[in-house]
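Understanding the architecture of this molecule
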Amino acid sequence: MDALHLVLNAVTVIFIAATMFAAGLRATVPALRGVFADIPLLLLALIANMVVIPLLGWGIGELFGLPSTSFIALVLIASSPGGPFGAKLAAVQQGDVVAGAAMQVLLASLGSLSFAPTVNAILTAADLGTEVSLDVGVLVRTVALLQLVPFAIGLLVRRYAEPAAQSWHPTAAAVSNVTFLVVLAGMLLGNWRDVVELFGSLALLAGFLLAGFAFALGTLLATGPTTRRTTMGGVASVRNAGPALAAIGLAFADQPAVLGALAAILLSGMAAALPIATLLSRRRGVPETAATR
């Protein structure tokens, strides 16, 4: 399994970089300016992703009476916005890919700063007696290297060499699509025992509901046309596993039970978000394969 995890980690890095590079190849500076100049959109997205959804995760965990390991995993996921799958869901649903990618990078950057204080506040209030301390610099550098840099390179190619951007985009999108499927298959293969062990518990349902409600909240707490609002919903529904995994390693000594719960909740969340994005694509009359180009 160690070899499988190494391969999966490598493919995940390629997936993130390819997805963000492809998004950058489709972006323009005026489009990005329009996103970041929309102050109501920014404020609503920040409130939804950094305040409401962490509280939602806490509430679901308390409502279901989850055991401490599953509760911690759910809070870690809920408190970590800006997952790289958000840009992919924007493409799958044929939404506003530029706005989705831009918001994803912004949320991942700010989330790397807010993650530990948010988790600590919730776990303290829930009386679990656990503190999370992370190297913020490492998280920020990881976000910059894997998400911001590929997106910026794609944006520069689009701005200064548009024919090359048009030519390269199909290949970058294809790499993103293939690695996306490999990552999903790898997550299932590498963590199937953890998922099976949680059958009969409420952890899987909690992860599913968190993603579903987050999609709805992200859509409602957004401005602009429907495609942009549902894109914000997709971005909100997919959380960033990086800080959560780092927290488990540093604060919880890589406890297998917490890691297993985290993997199960991530997978159940994807099981909620991906069908919603696919359904939106079909309702818009766009074949699923075309939506990911």
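Residues numbered from 1 in each chain as written. Predicted model: local features only at pLDDT ≥ 70, side-chain atom pairs only at ≥ 80, totals over all residues. Heavy atoms only, no water.

Within the protein, the regular secondary structure consists of 13 helices and 0 strands. Helices and strands in the protein line up, N terminus first, as α-α-α-α-α-α-α-α-α-α-α-α-α. Across the 293 residues that make up the protein, the buried fraction comes to 53%. Here the contacts in the protein between residues at least 6 apart in sequence split such that 83% fall between residues at least 24 apart. For the protein, the accessible surface area stands at approximately 12,500 Å², while carbon and sulfur atoms represent 70% of it. (Helix = DSSP H or I, 4+ residues; strand = E, 2+ residues; numbered from the N terminus. Buried < 20%, exposed > 50% of the residue type's maximum accessible area, 1.4 Å probe, protein only. Contact = heavy atoms within 4.5 Å. Areas by Shrake-Rupley, 256 points an atom, 1.4 Å probe, with all protein chains shown as cover.)

A word on the packing of aromatic side chains. All chains considered together, the criterion is met by 1 aromatic pair. Aromatic pair F15 and F85: ring centres 4.9 Å apart, planes at 35°, arrangement tilted. In this pair, F15 sits in helix α1 (residues 2-26) while F85 sits in helix α5 (residues 85-92), placing the two residues 70 residues apart along the sequence. Using a relative accessible area of 0% as the deciding quantity, one classes F15 as buried. (Phe/Tyr/Trp six-rings, centres within 6.5 Å; stacked < 30°, edge-to-face > 60°.)

So, on to helix α3 (residues 39-64). Taking 1.5 Å of rise per residue, the 26 residues of α3 would be expected to cover 38 Å, and the 36 Å separating its terminal C-alpha atoms lies within 8% of that figure. For α3, the set of buried residues is L41, L42, A45, A48, N49, I53, P54, G57, I60, G61 and F64. In this fold, the buried residues of α3 make contact with α2 (29-36), α4 (68-78), α6 (97-125), α9 (203-220) and α10 (226-237). (Expected span 1.5 Å × (residues − 1).)

Let us look at unusual backbone geometry. Phi is positive for Q94, which is not a glycine, with a value near 55°. Looking at the secondary structure, you find Q94 in the loop between α5 and α6. Residue classification places Q94 among the partly exposed positions, given a relative accessible area of 31%.

Time to look at the nonpolar core. Ranked by internal contacts, the top residues of the largest apolar core, which has 32 residues, are L74, L76 and L210. The set of elements that each furnish at least two residues to this core consists of α3, α4, α6, α9, α11 (241-251) and α12 (256-283). No other element matches the 8 residues that α4 contributes to this core. Sequence-distant contacts of L74, defined by excluding residues within four places in its chain, comprise G57, I60, G61, L66, A206, G207, L210 and I265. Ranked by size, the runner-up nonpolar core spans 31 residues in total, among them F15, F85, A91 and L184. (Core = buried A, V, L, I, M, F, W, Y, C linked by side-chain atoms within 4.5 Å.)

Attention now moves to the packing of α4 against α6. Where α4 meets α6, the closest approach of the two axes is 10 Å, and the angle between their N-to-C directions is 145°. The crossing of α4 and α6 is right-handed. Residues F71, I72, V75 and L76 of α4 form the contact with α6, whose own contacting residues are F115, V119, I122 and L123. Along the lines of polarity and charge, the residues of the contact of α4 with α6 split into 8 nonpolar, no polar and no charged. (Axes fitted to C-alpha atoms, helices over the stretch in contact; angles between N-to-C directions. Left-handed = near helix turned anticlockwise from the far one by under 90°. Nonpolar A, V, L, I, M, F, W, Y, C, P; charged D, E, K, R; others polar.)

With that settled, consider the pattern of salt bridges. Between side chains of opposite charge, a pair can form as their charged atoms come close. Going through the model one piece at a time under the given rule, you end up with 2 salt bridges. Of the charged contacts in the structure, one is a salt bridge between R228 and D96, with a shortest N-O distance of 3.0 Å. In this pair, R228 sits in helix α10 while D96 sits in the loop between α5 and α6, placing the two residues 132 residues apart along the sequence. Neither R228 nor D96 differs from the other in exposure class; each is buried. A salt bridge links R158 to E162; the shortest N-O distance between them is 3.8 Å. (Salt bridge = Lys/Arg side-chain N within 4 Å of Asp/Glu carboxyl O.)

Further remarks concern the side chain of T231. Relative to the assigned elements, T231 resides in helix α10. Its relative accessible area of 0% is what places T231 among the buried residues. Among residues more than four places away in sequence, those in contact with T231 are A90, Q93, G95, D96 and G100.

As a further point, take the packing of α9 against α12. Two elements in contact, α9 and α12, have axes whose closest approach is 7 Å; the angle formed by their N-to-C orientations is 40°. As judged from the angle between their axes, α9 and α12 are oblique. Considering the relative orientation of α9 and α12, their crossing is right-handed. Between α9, through A203, L204, G207, F208, A211, G212 and F215, and α12, the contact on the second element is made entirely by A264, I265, S268, G269, A271, A272, A273, I276 and L280. (Parallel < 35°, antiparallel > 145°, perpendicular 65-115°, else oblique.)

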